[in-house]
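Survey of secondary and tertiary structure
Here is what each chain is made of, one letter per residue.
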Amino acid sequence: MSGLDETPRANRLHIAFFGKTNAGKSSTINAITGQKIALVSDVAGTTTDPVYKSMELLPVGPVVFIDTAGLDDRTALGRARIEKTDEVVDKADIAVFVIDSTEQNTAPEQEYMKRFRAKKTPVIVAYNVFDGNEARAAAPAGEHSVVINAKTGQGIDALKEMIVRSVTDYELPSIVGDLAKEGDVVMLVMPQDIQAPKGRLILPQVQVTRDLLDKGCLVISVKTEDMVPMLEELKNPPRLVITDSQVFKYVNEHLDKTIPLTSFSMLMARYKGDIEEFVKGARAIADLKPGDKVLIAESCTHHALKGDIAREKLPNWLNKYAGGELVFENTAGHGFPNDLDEYKLIVHCGGCMVNRKNMLSKIEHAKNAGVPITNFGVAIAFLNGMLSRVSY
Ligand code: SF4
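Treat the numbers as computed from the prediction; the structure is a model and nothing was measured. (Residues numbered from 1 in each chain as written. Predicted model: local features only at pLDDT ≥ 70, side-chain atom pairs only at ≥ 80, totals over all residues. Heavy atoms only, no water.)

Notes on the overall build of the protein
Along the backbone of the protein there are 12 helices and 14 strands. Relative to the globule expectation of 21 Å for 392 residues, the C-alpha radius of gyration of the protein, 23 Å, shows essentially globular dimensions. Seen through its C-alpha atoms, the protein measures out along the principal axes to roughly 75 × 50 × 35 Å. Here the protein holds 392 residues, and the buried ones make up 50% of them. Taking all contacts inside the protein whose residues are at least 6 apart in sequence as the whole, residues at least 24 apart take part in 73%. For the protein, the accessible area works out to roughly 18600 Å², and carbon and sulfur atoms hold 51% of it. Here the protein holds 46 positive side-chain charges and 51 negative ones, and the gap between their average locations is 1 Å. (Helix = DSSP H or I, 4+ residues; strand = E, 2+ residues; numbered from the N terminus. Rg over C-alpha atoms; globule rule 2.2 N^0.38 Å. Buried < 20%, exposed > 50% of the residue type's maximum accessible area, 1.4 Å probe, protein only. Contact = heavy atoms within 4.5 Å. Areas by Shrake-Rupley, 256 points an atom, 1.4 Å probe, with all protein chains shown as cover. Lys, Arg positive; Asp, Glu negative; His and termini not counted. Charge placed at Lys NZ, Arg CZ, Asp CG, Glu CD.)

Quick look at the structure:
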């Protein structure tokens, strides 16, 4: 089994803590984890980023606790912090509100709870008792509440249990799902060109391989140029071929049409997001006209190389399909524009560095704005006329 610290953050359950500046969020996290984590400093000009702490929460497994900035900070710096906190709202699998038990005004907390309710994210309210002050009445209907004393540790076990109970429904779907089963031979075609990071495989390739091995599949990994010789070596054709979207066309041309074919991006789209919505979004490419605005969103920042998929290849292919110049806007990192009205289409990366909740929040946001959303792999499958060829 891999070491705990090696579990990527994207695969951990995200448990986020919200509350006012002095409600005791950090002390509550410290009491739960039994460790002192770095706190967000209150000194103006310091980081506005939420603090992430990865740990093992038994019996749940790998989780990440997120300590957010105070909901009541109204300074200019506070506004920047609140923006960061809002990003956490989109990725939290469970939201824990820490409220001073004597606090009378809980309007800011209620506002946030409303947002979680709309997302069907479980909400837990922890009333923190300072120096023997009496606890307030119970939390609003529908929320679970518990009285704690973050300093003495009283009620912390009950809070932990409440978190664990909220997790019971939480289960990530298998990446490969029913496309392959125990004993199946699955071939992975992975180009190792200039785009491939030196000395390692990219996360979707690693995750798909692990999922297949866990299922008991027989996994064969080859570079693009080795696919045909390997197929000739095999006694029987593979049950499934999974390839990088960028060499989809080549692989499809050199593969018997009876062998199911899919891409890492299609699988990650299914695993991370809503594949039906992405397929619908990809079909909207057919309606693009020159001058239309397209948002290309990536969930992490990386140095763009020549031939970068988000900045060169995809825009070129889309321009060609639309028969003229489209207007492209790129975002990279955890942010996503609030106002999507101006876009005719959103094309998102595979999102390997973010959790499922985060991707589903973006899809929901796009759906609410009435803007079709797809991802790189699904868009490329459409552009190559392969959407009917791929398995998902
Ligand atoms: S841009 Fe998206 S798919 Fe690519 S590595 Fe970053 S999160 Fe993963």
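Description of the sheet that holds strand β8 (residues 218-222)
Pairing is parallel in the open sheet, where 4 strands are placed in the order β8-β7-β9-β10. Only two strands of the sheet have a single partner each, and these edge strands are β8 and β10 (261-263). Strand-to-strand, the axes of this sheet are offset by a mean angle of 25°, without reference to chain direction. The pairing of strand β7 (residues 185-189) with strand β9 (residues 240-243) spans 4 bridges and is classified as parallel. Bridge assignment links Met187 to a residue of β9, and that residue is Val241. Relative to β7, helix α5 (residues 203-215) is tilted by about 175°, and along the sheet it contacts β7, β8 and β9. Taken strand by strand, helix α8 (residues 264-272) contacts β7, β9 and β10, and its axis lies near 70° from that of β10. (Pairing = 2+ DSSP bridges. Axes fitted to C-alpha atoms, helices over the stretch in contact; angles between N-to-C directions.)

A few points about the site of the ligand
Near the ligand the following residues occur: Glu298, Ser299, Cys300, Cys349, Gly350, Gly351, Cys352 and Met353. Here the shell around the ligand is built from residues that sort into 4 nonpolar, 3 polar and 1 charged. (Near = heavy atom within 4 Å. Nonpolar A, V, L, I, M, F, W, Y, C, P; charged D, E, K, R; others polar.)

A closer look at the sheet that holds strand β14 (residues 373-375)
Reading across the sheet, the 4 strands line up as β12-β11-β13-β14 and stay open at both edges, with parallel pairing between neighbours. The two strands at the open ends of the sheet, each matched to only one other strand, are β12 (327-332) and β14. Each strand axis lies, on average, 20° off the axis of its neighbour in the sheet, ignoring direction. Here strand β11 (residues 293-298) pairs with strand β13 (residues 345-348) via 4 bridges, running parallel. Across the sheet, the residue bridging to Ala297 is His348, located in β13. Lying over the sheet, helix α9 (residues 275-283) contacts β13 and β14, oriented at roughly 100° with respect to β14.

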